[in-house]
Amino acid sequence: MKLIVAYINPFKLDEIRDALKETGVTGLSAGNVQGFGRQAGHTETYRGAEYEVDFVPKVRIEVLVDDTLAPNVISTIEQTARTGSIGDGKIAVLPVEDVIRIRTGERGRDAL
Amino acid sequence: MKLIVAYINPFKLDEIRDALKETGVTGLSAGNVQGFGRQAGHTETYRGAEYEVDFVPKVRIEVLVDDTLAPNVISTIEQTARTGSIGDGKIAVLPVEDVIRIRTGERGRDAL
Amino acid sequence: MKLIVAYINPFKLDEIRDALKETGVTGLSAGNVQGFGRQAGHTETYRGAEYEVDFVPKVRIEVLVDDTLAPNVISTIEQTARTGSIGDGKIAVLPVEDVIRIRTGERGRDAL
Amino acid sequence: MDTGDTAWILTSAALVLFMTPGLALFYGGMVRSKNVLAMLMKNYVAIGVVTITWVTVGFSLAFSGDVGGVIGDLNLWGLRDIGLENTLFEHTVPDSAFAMFQFMFAIITPALIAGAVAERIKFSAWAIFIAVWSILVYAPLAHWVWGGGFIGADLQAIDFAGGLVVHINAGIAALALVIALGPRIGFRREVIRPHSLPLTVLGAGMLWFGWFGFNAGSALGASGAAANAFLTTQIAAAVAATCWVIAEAVTHGKPTTLGFASGAVAGLVAITPASGFVGPLSAVVIGAAAGFLCFWALRLKFRFNFDDSLDVVAVHLVGGIIGAVLLGLFAEERIGGVNGLFFGAPEQLLRQIASVVITMVFSFVVSYVIALILKATIGLRVSEQEERSGLDLSLHEEQGWVLAD
Amino acid sequence: MDTGDTAWILTSAALVLFMTPGLALFYGGMVRSKNVLAMLMKNYVAIGVVTITWVTVGFSLAFSGDVGGVIGDLNLWGLRDIGLENTLFEHTVPDSAFAMFQFMFAIITPALIAGAVAERIKFSAWAIFIAVWSILVYAPLAHWVWGGGFIGADLQAIDFAGGLVVHINAGIAALALVIALGPRIGFRREVIRPHSLPLTVLGAGMLWFGWFGFNAGSALGASGAAANAFLTTQIAAAVAATCWVIAEAVTHGKPTTLGFASGAVAGLVAITPASGFVGPLSAVVIGAAAGFLCFWALRLKFRFNFDDSLDVVAVHLVGGIIGAVLLGLFAEERIGGVNGLFFGAPEQLLRQIASVVITMVFSFVVSYVIALILKATIGLRVSEQEERSGLDLSLHEEQGWVLAD
Amino acid sequence: MDTGDTAWILTSAALVLFMTPGLALFYGGMVRSKNVLAMLMKNYVAIGVVTITWVTVGFSLAFSGDVGGVIGDLNLWGLRDIGLENTLFEHTVPDSAFAMFQFMFAIITPALIAGAVAERIKFSAWAIFIAVWSILVYAPLAHWVWGGGFIGADLQAIDFAGGLVVHINAGIAALALVIALGPRIGFRREVIRPHSLPLTVLGAGMLWFGWFGFNAGSALGASGAAANAFLTTQIAAAVAATCWVIAEAVTHGKPTTLGFASGAVAGLVAITPASGFVGPLSAVVIGAAAGFLCFWALRLKFRFNFDDSLDVVAVHLVGGIIGAVLLGLFAEERIGGVNGLFFGAPEQLLRQIASVVITMVFSFVVSYVIALILKATIGLRVSEQEERSGLDLSLHEEQGWVLAD
Ligand SMILES: Nc1ncnc2c1ncn2[C@@H]1O[C@H](COP(=O)(O)OP(=O)(O)O)[C@@H](O)[C@H]1O
Ligand SMILES: Nc1ncnc2c1ncn2[C@@H]1O[C@H](COP(=O)(O)OP(=O)(O)O)[C@@H](O)[C@H]1O
Ligand SMILES: Nc1ncnc2c1ncn2[C@@H]1O[C@H](COP(=O)(O)OP(=O)(O)O)[C@@H](O)[C@H]1O
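No experiment lies behind these values; they were computed from the predicted model shown. (Residues numbered from 1 in each chain as written. Chains lettered and ligands numbered in written order. Predicted model: local features only at pLDDT ≥ 70, side-chain atom pairs only at ≥ 80, totals over all residues. Heavy atoms only, no water.)

*Asks:* Break down the overall build of chain D for me, citing the residues and quoting the values.
*Replies:* Across its full length, chain D carries 16 helices and zero strands. Going through the 405 residues of chain D one by one, you find that 72% of them count as buried. Accessible area for chain D stands at about 10,200 Å²; split by element, carbon and sulfur atoms hold 64% of it. Taken as two groups, the 19 positive and 26 negative side-chain charges of chain D have centres that lie 16 Å from each other. (Helix = DSSP H or I, 4+ residues; strand = E, 2+ residues; numbered from the N terminus. Buried < 20%, exposed > 50% of the residue type's maximum accessible area, 1.4 Å probe, protein only. Areas by Shrake-Rupley, 256 points an atom, 1.4 Å probe, with all protein chains shown as cover. Lys, Arg positive; Asp, Glu negative; His and termini not counted. Charge placed at Lys NZ, Arg CZ, Asp CG, Glu CD.)

*Asks:* Tell me about helix α8 (residues 224-252) of chain D, and name the residues and values.
*Replies:* One turn of an α-helix holds 3.6 residues; hence residues three or four places apart share an orientation. Residue and element names in this part refer to chain D. Here α8 is 29 residues long and its end C-alpha atoms lie 42 Å apart, about the 42 Å a rise of 1.5 Å per residue gives. The element α8 is extensively covered by neighbouring structure, given that 24 of its 29 residues are classed as buried. Phi turns positive one or two residues past the end of α8, at Gly253, with a value near 95°. (Expected span 1.5 Å × (residues − 1).)

*Asks:* Hey, could you go over the packing of aromatic side chains for me, with residue numbers and the actual values?
*Replies:* Any two aromatic rings considered together are summarised by their centre-to-centre distance and by the angle between their planes. Evaluation of the coordinates by the stated rule reveals 99 aromatic pairs over all chains. Taken together, the ring pairs in this structure connect Trp54, Phe59, Phe63, Phe89, Phe98, Phe103 and Tyr138 of chain D into an aromatic cluster. The ring of Phe36 of chain C carries the charged tip of Arg17 of chain B above its face, separated from the ring centre by 5.8 Å. (Phe/Tyr/Trp six-rings, centres within 6.5 Å; stacked < 30°, edge-to-face > 60°. Lys NZ or Arg CZ within 6 Å of the ring centre and 35° of its normal.)

*Asks:* Please set out the site of ligand 3 residue by residue, giving values where relevant.
*Replies:* Neighbouring ligand 3 are 20 residues; Ser29, Arg101 and Arg103 of chain B together with Arg38 and Gly87 of chain C lie closest to it. Those chains with residues close to ligand 3 are chains B and C. Interatomic distance of 2.8 Å between a backbone N/O atom of Gly87 of chain C and an oxygen atom of ligand 3. Expressed as a share of its isolated accessible area of 550 Å², the protein-covered part of ligand 3 is 99%. Mapped by element, the contributors of at least two residues to the shell around ligand 3 are β2 (28-36) and β5 (56-65) of chain B together with β2 (28-36) of chain C. The leading source of residues in the shell around ligand 3 is β5 of chain B, at three residues. Of the residues contributing to the shell around ligand 3, the split by class is six nonpolar, seven polar and seven charged. (Near = heavy atom within 4 Å. Polar contact = N/O pair within 3.5 Å; in protein donor to acceptor, adjacent residues only side chain to side chain. Nonpolar A, V, L, I, M, F, W, Y, C, P; charged D, E, K, R; others polar.)

*Asks:* Talk me through the interface of chain F and chain D; I want residue IDs and the actual numbers.
*Replies:* Between chain F and chain D, the contact holds 52 residues from the first and 50 residues from the second. Overall, the association of chain F and chain D removes approximately 4,300 Å² of surface from exposure, summing both partners, and the carbon and sulfur fraction of that is 75%. Between the two partners, chain F and chain D, sit zero salt bridges. Taken together, the links from chain F to chain D amount to ten residue pairs in polar contact (both at pLDDT 80 or more). At the level of secondary structure, the elements contributing two or more residues to the side of chain F that touches chain D comprise α1 (3-28), α2 (36-63), α3 (95-113), α7 (197-217) and α16 (391-396) of chain F. By residue number, the principal contributor to the side of chain F that touches chain D is α1 of chain F, which donates 13 residues. Class assignment of the residues belonging to the side of chain F that touches chain D gives a composition of 37 nonpolar, twelve polar and three charged. (Contact = heavy atoms within 4.5 Å. Buried area = accessible area lost by both parts, 1.4 Å probe. Salt bridge = Lys/Arg side-chain N within 4 Å of Asp/Glu carboxyl O.)

*Asks:* Explain the interface of chain A and chain F to me, using residue names and the numbers behind them.
*Replies:* Listed as interface residues are nine residues of chain A and, on the opposing side, 16 residues of chain F. Of all residues in chain A, the largest losses of buried area upon contact with chain F belong to Tyr46, Arg47 and Tyr51 of chain A, amounting jointly to 68% of the total for that side. Between Asp311 of chain F and Arg47 of chain A there is a salt bridge; the shortest N-O distance is 3.2 Å. Among the elements of the structure, β3 (42-46) and β4 (49-53) of chain A are those that each provide at least two residues to the side of chain A that touches chain F. Among the residues forming the side of chain A that touches chain F, the class breakdown is four nonpolar, two polar and three charged.

*Asks:* Can you tell me about the environment of Arg101 of chain B, naming the residues and giving the values?
*Replies:* With respect to the helices and strands, Arg101 of chain B occurs in strand β7 (residues 98-101). For Arg101 of chain B, a relative accessible area of 6% gives the class buried. The contact partners of Arg101 of chain B, leaving out residues within four places of it in the chain, are Glu106, Asp110, Ala111 and Leu112 of chain B together with Arg38, Gly89 and Lys90 of chain C. Among the polar contacts made by the side chain of Arg101 of chain B, one reaches the main-chain carbonyl oxygen of Ala111 of chain B at a distance of 3.4 Å.

*Asks:* Go over the pattern of salt bridges with me, naming the residues and quoting the values.
*Replies:* Pairing between side chains of opposite charge can happen when their charged atoms approach one another. For the coordinates displayed, the defined rule picks out 60 salt bridges over all chains. Among the salt bridges present, the one from Asp98 of chain A reaches Arg107 of chain A, with a minimum N-O distance of 2.8 Å. According to the relative accessible area criterion, Asp98 of chain A is buried, its value standing at 19%. Of the residues examined, Arg107 of chain A reaches a relative accessible area of 43% and is grouped as partly exposed. By sharing partners, the salt bridges in this structure join Arg60 and Glu62 of chain A, Arg60 and Glu62 of chain B together with Arg60 and Glu62 of chain C into a single network.

*Asks:* Lay out unusual backbone geometry with the relevant residues and their values.
*Replies:* For Gln156 of chain E, which is not a glycine, the phi torsion comes out positive at approximately 60°. Structurally, the position occupied by Gln156 of chain E is in the loop between α5 (150-155) and α6 (163-181).

*Asks:* So what's going on with the relation of the copies chain F and chain D? Residues and values would help.
*Replies:* Aligned on chain D, chain F shows an RMSD of 0.0 Å; the corresponding rotation is 120° and the shift along the axis is 0.0 Å. In symmetry terms, the pair is related by a three-fold rotation axis. Nearest to the rotation axis, the C-alpha of Gly4 of chain F is located 2.2 Å from it, this being the minimum over chain F. A low fraction, 17%, of the interface residues of chain F reappear at the interface in chain D, so the copies pair through non-equivalent surfaces. (Least-squares fit on C-alpha atoms with pLDDT ≥ 70 in both.)

*Asks:* Hey, could you go over the site of ligand 2 for me, with residue numbers and the actual values?
*Replies:* Neighbouring ligand 2 are 20 residues; Ser29, Leu64, Arg101 and Arg103 of chain A together with Arg38 of chain B lie closest to it. Separating an oxygen atom of ligand 2 from a backbone N or O atom of Gln39 of chain B is a distance of 2.9 Å. Interatomic distance of 3.4 Å between a backbone N/O atom of Asp88 of chain B and an oxygen atom of ligand 2. In the complex, the protein chains occlude 99% of the 550 Å² of accessible area that ligand 2 would expose alone. When contributions to the shell around ligand 2 are tallied by element, the ones reaching two or more residues are β2 (28-36) and β5 (56-65) of chain A together with β2 of chain B. Residue contributions to the shell around ligand 2 peak at three residues, all from β5 of chain A.

Written out as structure tokens, the structure is:
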């Protein structure tokens, strides 16, 4: 099993969730992060004091998937999240040793 | 070493922390996420416009543990987080190559 | 490739970002977490009711790096985040199987 | 009619209306974020519901005529004949200004109760409760004390701006509802913290501001009596707030912002019945008593396992009793026409105590009966699942804070 | 001059000024968090800009003299000769108090429009729009209705506190701007939710409070007329809020907090033109009509794909029309000196309808032309990228909420 | 006594009290979220502490009798003899109304200082500082200017509503405390941003609203003078806010919401001493001067490494000087009984300058000495660890925002 982690633009979240649903993914978790990368941050000005804020708000999504589904999930996120501008984000694939569904105690593939 | 990641119901957090403390876990980190899964979301209505909000607030906890402690941690989370209703969440087990304690520079098991 | 995860004190974030930039890291993502560990929490009092709050606000940073850069990144975080007091936090190193840049579809090292 | 008096009563009525939003924020900041809108709504809806019950019959029952000292008549139903002149009431302001000022009191009184039942009461049950209560409890009490009924006319107990009618009344009704409802899930076990004390502190500021209309407006004119009530109100609130944080610093080691705000409200409550009858130094004593005793009263709810969530009993019932009773000591004829014990009239203290007891018994019993009837019919509480999710989503399909969009 | 009347007008002017911050919060809570400051700013800047345009020529054009029933003269430019006495105007208050009270109306009216253009209009375009609009649209209308112009003097339509001049005017101008601007990115596709309903609810409370100055202040004295306006205002607002949440409960199954706040504003809008001319029971009817009809009107924007973001049209245009027209039915001579249809004067209804139509046509056309000229020159909208990032950062380089520091 | 005047003074006193919560929010929104309650508390506690010091001796020292032009007597300690009539003071309002109005000024003045010492001063040190300061600095200055002391009576400098007594006084005391305290950890190195500008903007709105009581109430009656002060207040605030954002747009490319709010306050400060002495067009000039010069003064703190955290010096000291001096140019006899340089009385300008210098020297020296004594005894600052954790937790064991529960 894999854990697919993606850093994306916040306004793409709903679209990605819907696209993933169609690939057969049954769940995901999303949280807010501050991203730093090639994309420029912004300036904030408060009473004449200018601050350069380098972090950009991004959403980090995590999807636990079965190995066979992983390529499909990656390409779905890739296509849906892409706008072509700097800051579209990254996807990382991490190995997962086991998954447990808390409600039932099922393990592995069945837990998804 | 392992990184145990669990997505749980927010109101279970304190109970799980206390239960883990008893198993010998010395630390954990918890953050807010929006979860999507089998559990139904809710409707919001603002001036007659209805929105279906599919995401459910969940807490994501992370526990770095030694291999030997891992099964115990998993079962503790499983038992404490379980209510039996849909949405109790998942636990994932990820391999970890190294852990460092910043304060002392200790590595591996000692860093926990 | 590795995913370096570090739990740090929030006021160290900017410094760490700047130090990492100098090591050649091109990006990172940071989120807020509640940390539990050796560091004591605090008391809150509302109308005579005292609550012990065990969680301490921490920032969780994630850096995807190439294997060769990893040791450097770890030691940079270690040195910059260290104040010497309890609660400086941990660094964990996780294996990563692949990284994709959404904008271009580049994979692996090139995606960073 | 006098334009200066009218200007002050109109201003005061607006100030008293403003207290309800202030109270809503004061309470709304103290609940968890998932319940903030439900809390605000329970206050605001009082403005809607009670205006309607009072236009129809409430005002008339309280202030039109008198039937045996216990209730008014229905001659002014629908505010018929309330006009631009002062022909019905003997005040120096238009009848409609007097009516409006009284309306605002009828509105905020049930809203005060909302703090006790926070985070678990159904919206429908609440709306019906306050509609019925405003007619069966508030209107009679207002009549007894201010409308020609037996407490004011026969017993000769005094209540300048609502220690009996507003605060003791709301405080004891809150207790009745707390008993009928039972405690929140997690009471005394989970951490249940205020989600936004800045809103609470703002609400306290709005209440303080509006309370000048409440107390000084109760002089029903821009007179020396109004100015004295204004002055004693300010002093009691400031002293009570200071004493409360001193008590905190001594007991817990730290003064708190919520403590300052709570102490201020306790002082405002306690001076309410007394504001037009006592002088500045008596206001200092009343304020100090309110600050220390209301702080002390907080702990009672834990002892009795009553989940009076936002301490309506400790602040309004206890504070109201302090004011109504101390008034029997400190009242001075040269200020408000009545002397208390310390100025040679011990009987006034007894009158005050009697009026407090009558108010408590009457309000508790009727409030509890209404609550039980609602419990047996439509039910008082939301389901456990709804309580866990938060009342904002489960009752109103709304979220209070969405800061990530 | 009368000190009581002066006290009330000064108080009322302060209350009306306070409505603009109230409106800012009411609107600011309803936008997404990334646009909250831009929304607040669009309201507050009206206080700055309109004060300046009105000091220079606006007030003079509206209230000094009369040229053919259509506009005033420039004799009072720069408020020359506005003094401490009441020599210029016939009121019982100093001329500068009268001027100040009128200023506050001129300020809030363009601010009302801001809700319609939320989350996408440029700041520069907005500032210029309201400057020009306050002179080309508001000043003439104020003159026609209140300054001796043809609607008041010849047509004899009545408008106690601004149904025509303020609400219908702002509501139809909002529609013109909505058409010129186009909808927000994601309108009807993405979830666009209020980010802080506690602020919105607080804003509604501030508006309600301030509105007593708006309506009861329009009596220009602390009189029976003021008290009546105060009373009808309270009743209509409370009834409308209640009816709105009843309509929600019936339609969607749940009453909402935003609904209560919206209904209250709708009721306040509708009673505005009528408040000094009708009695309490008529206020009930006007409030109920506003609560139900404005709620119903919400859906129109989806039908026509007009992104009237915060429903200025449904609340202010529809609410204003309800009030201005029902006034033609319910006005009573014994209250405000004029009878409506139900009191034997059918012609008053026709006058009211005519005045509504004139106001709508005039304001729509001129507002739309100003908008088109701005669109063709400096542009009305921010770029897509700026809209996505949020107007707070892109227009003002600020963030509304930074809770993590 | 006059009921209209009394109505206006009671209203004004309530409005001025409301400014302190407004100021608390204005400041509270500008600090980081971990310090918001400590900031609110430092403002609110002024209401508690100063009410107590002023009831005991402060008011008497300022306004009862006169000893050699420098201080009053103690005849009115404990507000003895302050009554329902106007026997002690020569005003048309009850003595207790006059006292109450003066109290509110004594409260807000030290609260103004709180912005300069934000995010690092101890609560105990602050509470003691303002208690002592209200007696040793504020009371004498109030006496000198308004209570029969030498600035008003001998020097004949004028100060309508507190340019000297309130703003210059608070502004220079803020500077003294800033010097004694030293800068916050991270000043000029870390990003220190406002955590909630919506609260700040709301606070500015509340201040603006309350300021009408502050300035127009200072006429001590509902007169033409009050109306004129109201009008000039509105104009100066609006012009200053507009000029500030123009200056920002020119300097930084963007106007900001915080800038508008700050400019408004700067304008309100500057017009305060002048509001009853100048006309509308002079108010435009004073407002413009405040908007541009206070904006320019912001940068000074960085040059001198003074961490005047929320710019009390730039806004209140600089704004107060602008008003007190320009008044020496623009005062007109036909408005407030005194002429300035432009109306033929150059000596008034000199009097104004002299009064500014005296106020600055006196207030700075005494404030600095009090600060040094506190520093040497109980200490002024929290520990580094407490400052890092935030003052809400370390001083008050509370959290401002808990949005996740
Ligand atoms: N090495 C990294 N480790 C973790 N997150 C990263 C890394 N590089 C980029 N990110 C995340 O991806 C986001 C987009 O990266 P950026 O370099 O700005 O654009 P792009 O991916 O289009 O080149 C960042 O804001 C950050 O959240
Ligand atoms: N495939 C997944 N990847 C990541 N998180 C998941 C996944 N599936 C579920 N989750 C998380 O677990 C939570 C509960 O899942 P859900 O399917 O609703 O219930 P259950 O686990 O009881 O079947 C979700 O809200 C989400 O946070
Ligand atoms: N086993 C763990 N798993 C995950 N996070 C941990 C673990 N132990 C500590 N942490 C994180 O590191 C932070 C610091 O840990 P703590 O034990 O307080 O101090 P130190 O690392 O200096 O010994 C915690 O607040 C928590 O966020």
